[in-house]
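Commentary on secondary and tertiary structure
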Amino acid sequence: MKTQSVVVCGAGIVGMALALDFARRGVRDVVLLGPPPRVAELGPDDYHLRVYAISAASQAYLQTLGVWALLPENRVTRVQAMEVRGDAFGAIYLRAWQAAQNDLTWIVESAQIEHVLAQALRVYGVQWIQDTLTDFREETGVTASGQSLKASLWVAADGTESTLRARSGIRFDVRDYDSMGVVGHLTCERPHQGVAFQWFQDKGILALLPLPDTSRGHQVSMVWSIRKELARPLLDMPIESQQNMLAERLGKLSRGRLGKLRLHTPIRGFDLLLAQSDMIGQRVALVGDAAHRVHPLAGQGLNLGLADARDLARIMVEREPFLAMGDQTLLRRYRRARAQELLEMRLVTDGLKRLFDLDLPGAVWVRNAGMSLLDRLPPAKRVLVEAATRLSRQA
Ligand SMILES: Cc1cc2nc3c(=O)[nH]c(=O)nc-3n(C[C@H](O)[C@H](O)[C@H](O)COP(=O)(O)OP(=O)(O)OC[C@H]3O[C@@H](n4cnc5c(N)ncnc54)[C@H](O)[C@@H]3O)c2cc1C
């Protein structure tokens with residue numbers, strides 16, 4: 001059996017980006033293993049349910065990979081400002097110009113990114129085995145159809161339930177927030193003007209992200225993080241009841257900031273988890289959701305995964321000539337390279353989530369006063385804006 005340089009297991013956005021990165025950097029025998037993304041064809045007025053806030057660092061990476069320019073311009077929404085509100089008087093306004101930028105972030109549907117990555121992989125002739133990994137032992141993996149593959153480096157990009165991670169015995173510590181993220185697209189009465197909104201409440205966190213206008217009117221994408229006991233009945237309701245409930249609840253939560261809101265798509269829910277791993281094993285590296293999960297309140301899950309891919313490809317390709325791909329020295333280098341950003345993101349997202357979960361006397365005042373104070377401190381705000389755009393970590 002031939003030993004490949006790299007097998008990337010999992011063809012989500014992170015796995016596809018990584019396989020493409022290796023190929024572009026001259027690793028000719030990289031193999032991508034995983035089922036292709038299922039992309040439903042949608043009309044010009046319809047938008048895929050999963051959308052991402054792409055950070056400046058991720059945008060730069062997708063540009064380096066040559067795929068950013070392939071995204072249809074009319075489906076990429078520029079976010080020029082963020083408005084974050086607490087459950088009383090607290091508010092923070094972040095604007096791109098505060099960090100001398102035109103845009104803070106970009107909202108893009110997952111399917112659009114998957115599509116351009118798949119196109120680029122074809123152009124680069126990357127071998128893509130459209131199968132799933134079922135077993136793995138000592139550098140050799142076996143697929144559902146019985147094919148065996150051997151590689152110097154295996155990368156687990158196969159998501160939260162990673163088979164490769166489990167078969168390699170790599171630790172994965174999970175804390176369930178007992179909450180769900182409920183997503184759907186809404187028509188809103190007032191234009192969003194390129195602003196991403198977020199409301200922190202003790203009962204949940206609501207994000208409304210700007211999307212292009214359609215013939216129905218102005219449009220935003222909702223990510224509502226709420227406890228499962230509230231999410232489940234909502235997900236089970238008929239669509240008319242969902243529309244009525246969301247119009248009422250979200251209208252109140254958003255204090256009419258975007259006028260009347262009307263759901264125009266089905267809604268979906270996903271479990272919210274905080275998870276971390278050791279990142280590496282014997283000849284195995286973890287990337288993306290296979291390696292970590294954070295609360296979606298900062299919209300950073302995919303951005304962290306793309307940064308994993310970028311750092312792993314760089315470290316493996318720029319290795320010393322006497323080290324083989326997948327060597328423990330290189331894997332440890334990769335783990336070190338990712339440690340700080342992953343820790344920061346865990347602390348920030350989990351800390352904010354806990355602060356707004358607190359049900360103690362005075363907690364409402366403390367969190368809102370903290371927000372308002374931050375908003376009035378220009379240096380702290382510049383740091384926040386830079387964190388939002390991730391300027392310091394551009395590829
Ligand atoms: C509704 C929603 C909104 C989100 N919004 C944002 C946002 O705004 N910004 C952001 O940065 N992040 C966001 N996230 C997080 C983001 O979706 C994830 O962090 C990201 O999808 C992780 O990508 P991944 O490629 O690591 O994993 P996945 O997308 O889970 O991909 C894993 C892939 O592995 C494949 N696979 C699984 N098992 C096997 C196997 N045994 N063999 C081979 N292949 C296998 C799967 O088929 C899949 O293609 C959001 C998440 C959700 C659910």
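The structure presented is a predicted model; accordingly, all values stated were derived computationally and were not measured. (Residues numbered from 1 in each chain as written. Predicted model: local features only at pLDDT ≥ 70, side-chain atom pairs only at ≥ 80, totals over all residues. Heavy atoms only, no water.)

**Regarding the overall build of the protein chain**
The number of helices and strands found in the protein chain is ten helices and 20 strands. The buried share of the protein chain, reckoned over its 395 residues, is 55%. For the protein chain, the computed accessible surface area is about 17,600 Å², with 51% contributed by carbon and sulfur atoms. (Helix = DSSP H or I, 4+ residues; strand = E, 2+ residues; numbered from the N terminus. Buried < 20%, exposed > 50% of the residue type's maximum accessible area, 1.4 Å probe, protein only. Areas by Shrake-Rupley, 256 points an atom, 1.4 Å probe, with all protein chains shown as cover.)

**Observations concerning the site of the ligand**
Ala53, Leu133, Asp289, Gly299 and Leu302 are the nearest of the 28 residues found near the ligand. Interatomic distance of 2.9 Å between a side-chain N/O atom of Tyr52 and an oxygen atom of the ligand. Between the ligand and Asp289 there is a distance of 2.7 Å, counted from an oxygen atom to a side-chain nitrogen or oxygen. About the coverage of the ligand: the protein hides 82% of its 1,000 Å² of free accessible area. Where the shell around the ligand is concerned, the elements lending two or more residues are helix 1 (13–24), strand 3 (51–54) and helix 7 (301–317). Among the residues making up the shell around the ligand, the classes are represented as 14 nonpolar, eleven polar and three charged. (Near = heavy atom within 4 Å. Polar contact = N/O pair within 3.5 Å; in protein donor to acceptor, adjacent residues only side chain to side chain. Nonpolar A, V, L, I, M, F, W, Y, C, P; charged D, E, K, R; others polar.)

**Focus: the nonpolar core**
Counting 74 residues, the largest nonpolar core has Val6, Val8, Phe22, Val30, Ile113, Leu153 and Trp154 as the members making the most contacts within it. The element best represented in this core is helix 1, accounting for nine residues. Filtering out sequence-adjacent residues up to four positions away, Val30 remains in contact with Val6, Val8, Ala19, Phe22, Ala23, Val126 and Gln127. Counting 24 residues, the second-largest nonpolar core is a separate cluster that includes Cys188, Met222, Ala231 and Leu246. (Core = buried A, V, L, I, M, F, W, Y, C linked by side-chain atoms within 4.5 Å. Contact = heavy atoms within 4.5 Å.)

**Here we look at the packing of helix 5 (residues 228–236) against helix 6 (residues 239–253)**
For the pair helix 5 and helix 6, the least separation of the axes is 9 Å and the interaxial angle reads 135°. Taken together, the axes of helix 5 and helix 6 lie oblique to each other. Contacts between helix 5 and helix 6 involve Leu230, Leu234 and Leu235 from the first element and Gln242, Met245, Leu246 and Arg249 from the second. Across the contact of helix 5 with helix 6, the residue classes tally to five nonpolar, one polar and one charged. (Axes fitted to C-alpha atoms, helices over the stretch in contact; angles between N-to-C directions. Parallel < 35°, antiparallel > 145°, perpendicular 65-115°, else oblique.)

**Overview of helix 2 (residues 56–64)**
Of all nine residues in helix 2, seven are buried; the element is thus mostly enclosed. Within helix 2 the residues assigned to the buried category are Ala56, Ala57, Ser58, Gln59, Ala60, Tyr61 and Leu62. Downstream of helix 2 by a residue or two, Gly66 has a phi angle that is positive, lying close to 80°.

**Quick notes on the sheet that holds strand 7 (residues 105–109)**
Spatial ordering of the open sheet is given by 3-7-4, a layout of three strands whose pairing is antiparallel. Each end of this open sheet is capped by a strand with a single partner; those strands are strand 3 and strand 4 (77–79). For this sheet, the mean inter-axis angle between neighbouring strands, taken without regard to orientation, is 25°. With three bridges connecting them, strand 4 and strand 7 associate as antiparallel partners. The residue of strand 7 that forms the bridge with Val79 is Thr105. (Pairing = 2+ DSSP bridges.)

**Here we look at the environment of Thr163**
Within the fold, Thr163 resides in helix 4 (residues 163–167). A relative accessible area of 27% places Thr163 in the partly exposed class.

**Digging into the packing of aromatic side chains**
For the coordinates displayed, the defined rule picks out three aromatic pairs. On the numbers, 5.8 Å between centres and 75° between planes, the contact of Trp68 with Trp106 is edge-to-face. You can see Trp68 sitting in the loop between helix 2 and strand 4 and its partner Trp106 sitting in strand 7, a full 38 residues away along the chain. Judged on exposure class, the residue Trp68 and its partner Trp106 are both buried. (Phe/Tyr/Trp six-rings, centres within 6.5 Å; stacked < 30°, edge-to-face > 60°.)

**Here's the deal with helix 5**
Where helix 5 is concerned, the buried positions are Lys228, Ala231 and Leu234. End-on view of helix 5: buried residues confined to an arc of 130°, all on one side of the axis. Exposed positions of helix 5 whose direction lies more than 90 degrees from the buried face are Glu229 and Asp236. Those residues of helix 5 that are buried are in contact with strand 12 (172–188), strand 15 (217–227), helix 6 and strand 17 (268–277). (Arc of directions from axis to C-beta.)

**A few points about the confidence of the model for the protein chain**
Scored by pLDDT, the protein chain comes out at a mean of 88, with 85% of its residues at no less than 70. Below a pLDDT of 50 lies the segment residues 391–395, which in the model reaches 15 contacts outside its immediate sequence neighbourhood of four places, other chains included. (pLDDT = per-residue confidence, 0-100.)

**Comments concerning the pattern of salt bridges**
When the charged atoms of two side chains with opposite charge come close together, those side chains can pair. Following the criterion strictly, the structure yields 23 salt bridges and no others. Here Asp271 ties to Lys228 by a salt bridge, and the two come within 3.9 Å at their closest N and O atoms. Here Asp271, found in strand 17, pairs with Lys228, found in helix 5; they are 43 residues apart in sequence, far enough to count as distant. Under the relative-accessibility criterion, Asp271 is labelled partly exposed at 34%. Between Lys252 and Glu248 there is a salt bridge, with its nearest N and O atoms 2.9 Å apart. A residue pair is termed a helical-turn pair when its members lie 3 or 4 positions apart in one helix, as Lys252 and Glu248 do in helix 6 at four residues. Taking relative accessible area as the criterion, Glu248 reaches 44% and is therefore assigned partly exposed. (Salt bridge = Lys/Arg side-chain N within 4 Å of Asp/Glu carboxyl O.)

**Structural notes on the pairing of strand 10 (residues 140–143)**
Inspection of the sheet shows strand 9 (residues 133–137) paired to strand 10 by four bridges, in the antiparallel sense. Across the sheet, the residue bridging to Asp135 is Val142, located in strand 10. Hairpin connection from strand 9 to strand 10: two residues lie between these consecutive antiparallel strands, with Glu138 at a positive phi of about 40°. Summarising the sheet, strand 10 and strand 11 (residues 148–156) pair through three bridges and their orientation is antiparallel. Bridge pairing in strand 11 places Gly141 opposite Leu149.

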